[in-house]
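# A closer look at the structure
One-letter residues, chain by chain:
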There are 4 protein chains.
Amino acid sequence: MSNKIKWGVLGGGGDSLIGILHRIAASMFDAYQLTGGVFNPDVTISLDFAKEIGIPTDRIHANLDEIIAAELALPEKERIQVFSVLTPNFLHFPMAKQLLEAGFHVICEKPMTMTYDEALELQSIQQKNKNIFALTHTYTGYPMVRQMKEMIANGEIGAIQKVDVQYYQGWINPIIHDKDQRSSTWRLNPKKSGISCCMGDIGVHAYQMLEFVTGKKIKSILADLNHLYEDNQMDIDGTILLRLDEYVKGVLRASQIATGEENNFTVAVYGKKASLKWEQENPNYLYLLEEEKPLQVLKPGHSYNSALSLDGTKLPPGHPEGIFDAMGNIYKGVAKAIRGEQFNEGEFPGMQDGVRGMNFIEKAIQSHHDGNAWVTL
Amino acid sequence: MSNKIKWGVLGGGGDSLIGILHRIAASMFDAYQLTGGVFNPDVTISLDFAKEIGIPTDRIHANLDEIIAAELALPEKERIQVFSVLTPNFLHFPMAKQLLEAGFHVICEKPMTMTYDEALELQSIQQKNKNIFALTHTYTGYPMVRQMKEMIANGEIGAIQKVDVQYYQGWINPIIHDKDQRSSTWRLNPKKSGISCCMGDIGVHAYQMLEFVTGKKIKSILADLNHLYEDNQMDIDGTILLRLDEYVKGVLRASQIATGEENNFTVAVYGKKASLKWEQENPNYLYLLEEEKPLQVLKPGHSYNSALSLDGTKLPPGHPEGIFDAMGNIYKGVAKAIRGEQFNEGEFPGMQDGVRGMNFIEKAIQSHHDGNAWVTL
Amino acid sequence: MSNKIKWGVLGGGGDSLIGILHRIAASMFDAYQLTGGVFNPDVTISLDFAKEIGIPTDRIHANLDEIIAAELALPEKERIQVFSVLTPNFLHFPMAKQLLEAGFHVICEKPMTMTYDEALELQSIQQKNKNIFALTHTYTGYPMVRQMKEMIANGEIGAIQKVDVQYYQGWINPIIHDKDQRSSTWRLNPKKSGISCCMGDIGVHAYQMLEFVTGKKIKSILADLNHLYEDNQMDIDGTILLRLDEYVKGVLRASQIATGEENNFTVAVYGKKASLKWEQENPNYLYLLEEEKPLQVLKPGHSYNSALSLDGTKLPPGHPEGIFDAMGNIYKGVAKAIRGEQFNEGEFPGMQDGVRGMNFIEKAIQSHHDGNAWVTL
Amino acid sequence: MSNKIKWGVLGGGGDSLIGILHRIAASMFDAYQLTGGVFNPDVTISLDFAKEIGIPTDRIHANLDEIIAAELALPEKERIQVFSVLTPNFLHFPMAKQLLEAGFHVICEKPMTMTYDEALELQSIQQKNKNIFALTHTYTGYPMVRQMKEMIANGEIGAIQKVDVQYYQGWINPIIHDKDQRSSTWRLNPKKSGISCCMGDIGVHAYQMLEFVTGKKIKSILADLNHLYEDNQMDIDGTILLRLDEYVKGVLRASQIATGEENNFTVAVYGKKASLKWEQENPNYLYLLEEEKPLQVLKPGHSYNSALSLDGTKLPPGHPEGIFDAMGNIYKGVAKAIRGEQFNEGEFPGMQDGVRGMNFIEKAIQSHHDGNAWVTL
């Protein structure tokens, strides 16, 4: 019998991109066996999908209650060990909560919850139950992001003195300029999407990335957001001033109206000795800048990279890996944690990232509404 | 019961990179079920590996004869449909031959055979038996390579007037300069590797790519190869002049001593109206050059791409995909062929690529040994 | 007799980089004849320098008073027509003032003055006397910056909805971290450098560039600057939130502690229809981003560029021009103005840029000191 | 009186791009005084042009004989010291010959002569008369080309084992495809342009660059050229196999039908220890590739560069210089030579480059016509 981790999936059926992404990622290191799930609120669709992707249908259920009950009824060794929560955003929190309480490990899509209070509640459950909880800030799985984190931690750029992170997209442009579309899309409806659009969706990635690579906490923020139209309630663009310390400042920029930008997520950390820069759209390059030295471009798979970085590269240098590989690396890390193997804290983002992220989103909105005031995180 | 394609694998066990690559690729579109195989000449290792990757062990066998016999003994509907041949190079031909003769479809790693004669023999078997045969020239699976092929086919650059393809690596450098290493590595031993090292390994990729994207046949070549040391019998570098037609010329450059190059495979096709250029290390960009117009950079996933290109992109623009995704696209195409679905001839390279490639390799060596003579392909 | 413009230079002698830059720029279109000047406060040095660079010494003088008197004593047709002011920053204002009052045209290095009040005073003199006044914001002379300005003016990107400008350098890093150096350099001494270091030196370039390419005025700003050390009085880094209109926002980022950055000045303008991006370190590329269209890269010298852009390119495409050429283009524009020829307002920055720039600098410092308050420009 | 070098110019009047390029280059380091010349065969036009560019007309003459006679009639200290020959190609040789024989130094545009025999004749005159002779292979004046040359000379990449040089343009494309145009342009008329178009115009730049940066001589070549149309006598594209030594090979590629390419001139030299790559269109970057080390990108003006490289950079890092600056550096080197100052042999190409270049062109054509035979240079 297979010693793969028994894996359940909630949501992600049909042509769901997120479903494809997670299934491929889970397959990458032969660590997971897709064992059951609720792919769709309609169980017939769920069952058909199971057949389509070639997995047994006996552990496909109609809803979360049923699958939890059914799994708990099995001997512990046979039970699904971890669930991935890929459902619409507003279901992340209740589902993750129920799963953690029932003793399952959870891999949760972003956003973790709709509010900071929910995030705190989830954290307290997890801390009590000691389950593994991963939040799929996928970009942290790239080998060169991991390398950046390790180099900063090892002091290779010296004390950090400035940070700059950008996440620019242009996708909302065709929607926002059409009055009908902007009033009807769920993305701009606070009831369905939470209090923020741009910061909640991508700004929080930028925020998490900054704390991930620097290993530092952002202490306070001042946000200036843009709604573009008076009749639009949600931020679709914004700049946030950052303080990591009295004399360590920076800026976070995010936009969904940066026309023509695809997924232009970049992070730069300037240290006293050197600097590091990375760009998501060309993820296999890490730029090291030092005074009066040639610019250095680090690439994955080379022996000069850290163990954490090398753990996330499957092929020799020059064979480009992409975002599926980044997600695969996160799943690999979670597998180690579930199996009780040793792992590096950089291998997957978790509960703390989710809690801090929700706090960031709420404080960003608060800062903006308070007239661009400084708010402590 | 799953309607996935029942898939067998020969070789590729343990930490084999090629094994990982093929398994991930096969999983990408939920089309294949790894059903059995011979992962290692030692059946104990094979069985352990099956357990490790979590598949049933009942269809793991000691050798090719046994697995063929066992599968043929099963009802046709339960049988493995396609085998991937990932064994050492010299086994590709005999294994593919035996599989085709027994009626299985084959996905074969490169090189297809050790000689052109073997290639012709394999081709005649396949033509008789009508099996599906795919040769994993992985790079043709990239969306922007497919886009390049389609644009050229559609006449977007006009009549081709010049081609230039490069495949530069530096990996053999540390080996070639050490007398002991260069005399002992299997790569430089013609008995183990065939008559060519550089052209056989990477030059043939460049050759195949050129014919793939242009849809044209190279008619004759003149090769100048380099062995670097008198005691080395194998080419590790070379330049090959190309003729596609009397007034359509080009050049193919390949090297394993281009110190510091990783996998620098590029292709440029210059047409009467415009030109297209692509680079493997940054595979998500396709450059369109036109006189007195801005340079255009095409990227995957956009509606301006062809159906063939879009079929190979899983996520929205700005989410980089890599070489695993390219291989996944080839597996996707093979799956369509096996299932009898409609597919585009650009979806996977096959027997003809293998036959032409082996001819190219032998003719390149011949041209070089004949004093850089023109040889017809 | 030459019909070149008779040109005088104040400062810029010896190995002065700024002197070299202006002399080469002035020579580029054969429009100026270096006729006289005060290259150094020590007239002996001035005379030696005149000999060294091969110009007659009879119109070299000991100071500004003398050269003005001497030139005014000449018949008007023989007089120096325009002076370039290349002296230390604190001398720009008094010299420019004296020259304008005496009826000369002026090309002035940046910063125009030490204070906004001085800038207003200078403006009022110039408006009265109607002299030509150019301020050498050199970067606006690049052909692709001019092209960007024209495309925006022509509505090619639609209504502007977001701007982002960056000017990152790392040069002050070795100084700022050494207590002795940071307390002694004139750059960090407000008495010698004015009230701002980073914003006064480079932030103002970014500000001017934004207004130059957009043709819009920035209405209000909120600045957060960084001094890095408590004992340092001057900003060496900062981020400034921008408002062009109620729903048109942006950000300006400038730093002298971005370790390893050389002169990383970039500008991005996002419009409703498309976007444009430009980078000073690779000045011959202009990026046009449109939804669902390939990225377009415009380059100098092509017929698709505007007349203003083409006027600033001397050689066919593919022959890189640089910053000397950008300054040369500004001198070319000034020459047209002096000669009474028709010229485009984009050909050289002038008094208004200087006045607005000084206002920007003072308001940025004020905003920071008022606790990051919004300040109207 | 000025101690600038007295400089004469033949050709280059009016809007001539080459005239502008040389005048700006000569002005860059204040070393030359344009003193006289024959700008145009029509002396009236010459005189008008002198006025237009603001130089005295008394040393403008009707033809070369007259200006030589007039200058020789002056006291030696007052005479023009060096002439730049910017006339149509077929005049380079007779003019340079006459100037050298009359004792003048010469800066000559490329091609130096129309034939190899003429080149040898010119060389023998110069060797006898010991004049300074510079041939303006402009690209060698770029700081990063100089740096490349020095690093190779210093052994930083170890023994050279492979070279690859490319010079791709597309400009002849609109001409070559039009029967009338291709039969009428002087470029494709051997009587006016010499025996080669592509190799004579740009291939020879590539050849010279390779010998310049490597410090090695190419021993033999095998050329395959393309005329594209049967009725076209001249090469407009071609690939040339190179031998520097028995086991040191390479390739030179040049084209004027590489549609959409502007001036894509690149050179790569692969050594036993490391490699260096440079691209003319982005001339301020030099790429150093080493095994298992990050890619290094060297840029001008940094202290890690050689004295030769630094001598050719006028401004701090991050201020892009271009092709005018490259030509300026060559003029600077020639000035040192004329003044008897110490200079590095890399500061300007000279007679030997011209002689070898003409030999290369003739041998390339010969190789092609002999059926792609190896020809010793």
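## So, the sheet that holds strand 4 (residues 105-108) of chain D
Residues and elements named next belong to chain D. What the five strands build is an open sheet, ordered 2-1-3-4-5; its pairing is parallel. Of all strands in the sheet, those bounded by a partner on one side alone are strand 2 (32-38) and strand 5 (133-135). The sheet shows a mean angle of 20° between the axes of neighbouring strands, taken without regard to direction. The sheet contact formed by strand 3 (residues 82-86) and strand 4 spans four bridges and is parallel. In the sheet register, Phe 83 faces strand 4, and the bridge partner there is Val 106. Of the strands in this sheet, strand 1 (5-11), strand 3, strand 4 and strand 5 touch helix 4 (residues 89-101), which is tilted by about 165° from strand 4.

## Quick notes on the relation of the copies chain B and chain D
Each copy of the sequence occupies a distinct position, and chain B is placed on chain D by a rotation of 180° and an axial shift of 0.0 Å, giving an RMSD of 0.0 Å. Taken together, these values place the two copies in the relation of a two-fold axis. A share of 100% of the interface residues of chain B reappears at the interface of chain D, consistent with the copies meeting face to face through the same patch.

## Structural notes on the interface of chain A and chain D
The interface is formed by 11 residues belonging to chain A together with 11 residues belonging to chain D. With four residues, strand 13 (residues 295-298) of chain A is the largest single contributor of residues to the side of chain A that touches chain D. Of the residues that constitute the side of chain A that touches chain D, the class distribution is six nonpolar, three polar and two charged. Where strand 13 of chain A meets strand 13 (residues 295-298) of chain D, three bridges bridge the pair, whose relative direction is antiparallel. Its bridge partner lying in strand 13 of chain D, Gln 296 of chain A is registered against Gln 296 of chain D.

## Considering the domain arrangement of chain A
Residue and element names in this part refer to chain A. For chain A, the assigned domains are domain 1 (5-131) and domain 2 (143-314 + 351-369). Taken together, the contacts link 12 residues of domain 1 with 12 residues of domain 2. Counting only elements with at least two residues in the side of domain 1 that touches domain 2, the list comes to helix 4 (89-101) and helix 5 (116-129). Tallied by class, the residues present in the side of domain 1 that touches domain 2 amount to seven nonpolar, five polar and no charged.

Thresholds applied
- Residues numbered from 1 in each chain as written.
- Chains lettered and ligands numbered in written order.
- Predicted model: local features only at pLDDT ≥ 70, side-chain atom pairs only at ≥ 80, totals over all residues.
- Pairing = 2+ DSSP bridges.
- Helix = DSSP H or I, 4+ residues; strand = E, 2+ residues; numbered from the N terminus.
- Axes fitted to C-alpha atoms, helices over the stretch in contact; angles between N-to-C directions.
- Contact = placed C-beta atoms within 7 Å.
- Least-squares fit on C-alpha atoms with pLDDT ≥ 70 in both.
- Nonpolar A, V, L, I, M, F, W, Y, C, P; charged D, E, K, R; others polar.
- Domains from an automatic or database assignment.

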